[in-house]
Amino acid sequence: MINVLVITSPRLTGLNYHRQITPFNNIGEGFALQEQKVWVDEFDDEYLKQFHMVSFLRIISSEGKTKAIVDRLHKLGIKVHFDIDDYWVLPVRHPLYAHFKQGNIAEQTIEALKLADLVTTTTEDLAKKLKVHNDNVHILPNAINPDEEQWKINETPNELVRFGYIAGVHHVQDVELLVPGILRLWKDRDLHGKFQLCPGGFNLNKDENGKMWMNAYYHYVEQCFTDNYKMIRDSDYKGYLQGNIPDGNDKTGDKPYRRLWGLDTFNYAKLYDLIDVSLVPLYSTMFSSCKSELKLIEAGFKKKACIVSNVAPYAGIATDENSILVNENRNYIDWFTGMRKFIKDKDLIKEKGEALYETVKDKYHIKNVNVERVQLFKRLCE
């Protein structure tokens, strides 16, 4: 039996879910797991001695204690597994750029890479960056457990062709890629009444006085999708949107624009049930090329068609057979052209969705990915 201490964060995120919870909950027999939402230096040696391996995600210490922590674990005979899913050098426009710079996150990440006994990551592009600092790097892609309730197929038919944008809060440049195509879509009279735009993940924040207000990122997304509300002709509906009240959103299924309010980590995939086509833009940078293919994997397991930027990492999954590819430097297929194509040919939506499902269903099934994960951990701890 291999005893593993999994260090996760106090607040559960999608990152924890895909890189820790799903993999370890499905790892099978031969492992005893203990999840802790605190840092290692809060435990005494007697507690730590029971473990063969400690698994960290992204950083080992938030206070610059990486070497001290790893040295301590090694003295106790404990192996260190370090999982990382993002490039540590952020572009200047990234919302966390200042935080990373102030906290010396890049330096801490490199130190952890050099000291870890095993490093795992999501893609070949990111693995190449990691191998500069550690020879023992292995690719374990993000994967899905289709037996979970949120990943089951649940069709919600609608006469409108629903284009969804389901992403986290750090994608300002990516969503901006969609704006020219969305504006053309709104202005094409032949397509009026045939589509619905559905950005997902909306949530409200509460200030110190208890007043609720829209998360700034999603407010910006809404402005992009509605041309700052100018495309919302129904004054009552515009007032409803600007009131920022989740109540009543279930009655907006016939509107040309619809918010999809955010769901918790164990339910967020149900947002895909409310769309037909997933929009997957990605601004091409070194940082972006090291991301994972997760958005295509998610859409594929839900049998959703995709319009996707033809850049790394998506270019490794998306093809002309299973998606509509957007090449930013060419004019023959852009976001508007792709959306119009699906609106005019609804059968193509099902065809692409089924093809994407066939592409991802085995390679990115958690049971298959965990075969290698188990082998790596056993070799590390033997």
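Just above sits the structure.
Residues numbered from 1 in each chain as written. Predicted model: local features only at pLDDT ≥ 70, side-chain atom pairs only at ≥ 80, totals over all residues. Heavy atoms only, no water.

**As for the sheet that holds strand E14 (residues 324–326)**
Read from one edge to the other, the open sheet built from 6 strands follows the order E11-E8-E7-E12-E13-E14, with strand pairing classed as parallel. Since the sheet does not close on itself, it has two edges, and those belong to strand E11 (260–261) and E14, each with one partner. Against the sheet, helix H9 (residues 216–226) engages strand E7 (161–166) and strand E8 (195–202), with an angle of about 170° to E8. (Pairing = 2+ DSSP bridges. Helix = DSSP H or I, 4+ residues; strand = E, 2+ residues; numbered from the N terminus. Contact = heavy atoms within 4.5 Å. Axes fitted to C-alpha atoms, helices over the stretch in contact; angles between N-to-C directions.)

**Thoughts on the packing of aromatic side chains**
For the structure shown, the criterion picks out 14 aromatic pairs. Aromatic pair Tyr-17 and Phe-266: ring centres 5.7 Å apart, planes at 90°, arrangement edge-to-face. Residue Tyr-17 is located in helix H1 (residues 14–25), and its partner Phe-266 is located in the loop between E11 and strand E12 (277–280); the two are separated by 249 residues in the primary sequence. Residue classification places Tyr-17 among the buried positions, given a relative accessible area of 1%. By relative accessible area, Phe-266 is classed as partly exposed at 40%. Members of the aromatic cluster, connected to one another through ring pairs, are Tyr-17, Trp-151, Phe-266 and Tyr-268. (Phe/Tyr/Trp six-rings, centres within 6.5 Å; stacked < 30°, edge-to-face > 60°. Buried < 20%, exposed > 50% of the residue type's maximum accessible area, 1.4 Å probe, protein only.)

**What about the packing of helix H3 (residues 66–75) against helix H5 (residues 105–115)?**
In contact at an axis separation of 9 Å, H3 and H5 are set at 20° when each is read in the N-to-C sense. If you check the angle between H3 and H5, you find them roughly parallel. Considering only the axes of H3 and H5, their crossing is right-handed. Together, Thr-66, Lys-67, Val-70 and His-74 of H3 and Gln-108, Glu-111, Ala-112 and Leu-115 of H5 make up the contact between the two elements. (Parallel < 35°, antiparallel > 145°, perpendicular 65-115°, else oblique. Left-handed = near helix turned anticlockwise from the far one by under 90°.)

**Some thoughts on the side chain of Thr-265**
Among the structural elements, Thr-265 can be located in the loop between E11 and E12. Beyond its immediate stretch of four places on either side in the chain, Thr-265 contacts Leu-12, Thr-13, Gly-14, Tyr-17 and Gln-150.

**Here's the deal with the environment of Ala-355**
Tracing the backbone shows Ala-355 in helix H14 (residues 346–360). For Ala-355, a relative accessible area of 24% translates into the label partly exposed. Sequence-wise, Ala-355 and Ala-305 are 50 residues apart; in three dimensions their C-alpha atoms are separated by 8.6 Å. Discounting residues that sit within four places of it in the chain, Ala-355 has contacts with Glu-321 and Asn-322.

**Considering H5**
Burial in H5 covers these residues: Ile-105, Gln-108, Thr-109, Ala-112 and Leu-113. The buried residues of H5 occupy an angular sector of 140° when projected down its axis, which confines them to one face. Turned more than 90 degrees off the buried face of H5, the exposed positions are Glu-107 and Lys-114. (Arc of directions from axis to C-beta.)

**Observations regarding the nonpolar core**
Membership of the largest hydrophobic core comes to 43 residues, with the highest contact counts inside it found for Phe-163, Leu-197, Phe-225, Tyr-257, Ile-307, Met-339 and Phe-342. Every residue in contact with Met-339, bar those within four places of it in the chain, is listed here: Phe-163, Gly-181, Ile-182, Leu-185, Leu-197, Leu-279 and Ile-307. The next biggest cluster of nonpolar side chains, apart from the first, holds 29 residues, and it includes Phe-51, Ile-78, Leu-90 and Val-137. (Core = buried A, V, L, I, M, F, W, Y, C linked by side-chain atoms within 4.5 Å.)

**Description of unusual backbone geometry**
A cis amide bond links Ala-312 to the next residue, Pro-313, at an omega of 5°. A positive phi angle is found at Asn-228, which is not glycine, with a value near 55°. With respect to the secondary-structure elements, Asn-228 resides in the loop between H9 and helix H10 (235–242). Using a relative accessible area of 44% as the deciding quantity, one classes Asn-228 as partly exposed. For Lys-303, which is not glycine, the phi torsion reads 60° and is therefore positive. By the element assignment, Lys-303 lies in the loop between helix H12 (294–301) and strand E13 (305–309). Exposure remark for Lys-303: the relative accessible area of 28% places this residue in the partly exposed category.

**Observations regarding the pattern of salt bridges**
According to the stated counting rule, one finds 21 salt bridges in the structure shown. Residue Lys-67 pairs with Asp-71 through a salt bridge whose shortest N-O separation is 2.7 Å. On the criterion of helical spacing, the pair formed by Lys-67 and Asp-71 is a turn pair, its members being 4 residues apart in helix H3. Using a relative accessible area of 44% as the deciding quantity, one classes Lys-67 as partly exposed. Between Glu-298 and Lys-295 there is a salt bridge whose closest N-O contact spans 3.0 Å. Within this pair, Glu-298 and its partner Lys-295 are both found in helix H12, separated by 3 residues, close to a single helical turn. Residue classification places Glu-298 among the buried positions, given a relative accessible area of 1%. (Salt bridge = Lys/Arg side-chain N within 4 Å of Asp/Glu carboxyl O.)

Just geometry here; none of it tells us what the structure is for.
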